[in-house]
Amino acid sequence: MSAAEIAAKYEVSTHHLAKVLNKLARAGLLRAARGAGGGYRLAGNAKRVTLMDVIALFEDIGTPRRRDAPPEKLALDQVLEEIDETARATFRSITLDTLRKLVARAER
């Protein structure tokens, strides 16, 4: 599927999407083909690539720890870190194949 087709389908900027697709291709998750019939295709195994693999390319997934903050801020940081870890664990458990199946089910 071409960047233009994807952008039109999801109503996003073609320019921004091209940057995202190029980053995914450089990471080895997509194969890009130019010319007629070209476009982007998944390069990895959809049953092994997780949402976390994709998110990690675009987001800093580490949480900075403050050591010199007041106790209430340290406690809040600990709670937020636990929430973040739960989210990361969830993203690590969902593969692209699972996501594809969820999308297909929602389209019915």
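Everything here concerns the structure above.
Note that the structure is a prediction, hence the values are computed from the model and not measured.

Colleague: For this particular structure, what's the right way to read the overall build of the protein chain?
Modeller: When helices and strands are counted, the protein chain shows 5 helices and 2 strands. Rg of the C-alpha trace for the protein chain: 18 Å, well past the compact-globule value of 13 Å for 108 residues, more than 25% over. On the principal axes, the C-alpha backbone points of the protein chain span a range of 60 × 30 × 25 Å. For the protein chain, the proportion of its 108 residues judged to be buried stands at 20%. Across the protein chain, every contact between residues at least 6 apart in sequence was considered, and the portion connecting residues at least 24 apart equals 48%. When the accessible surface of the protein chain is split by element, carbon and sulfur atoms take 56% of a total near 8,100 Å². In the protein chain, 19 positive and 14 negative side-chain charges are present, and the distance between their average locations comes to 10 Å.

The rules we used
Residues numbered from 1 in each chain as written. Predicted model: local features only at pLDDT ≥ 70, side-chain atom pairs only at ≥ 80, totals over all residues. Heavy atoms only, no water. Helix = DSSP H or I, 4+ residues; strand = E, 2+ residues; numbered from the N terminus. Rg over C-alpha atoms; globule rule 2.2 N^0.38 Å. Buried < 20%, exposed > 50% of the residue type's maximum accessible area, 1.4 Å probe, protein only. Contact = heavy atoms within 4.5 Å. Areas by Shrake-Rupley, 256 points an atom, 1.4 Å probe, with all protein chains shown as cover. Lys, Arg positive; Asp, Glu negative; His and termini not counted. Charge placed at Lys NZ, Arg CZ, Asp CG, Glu CD.

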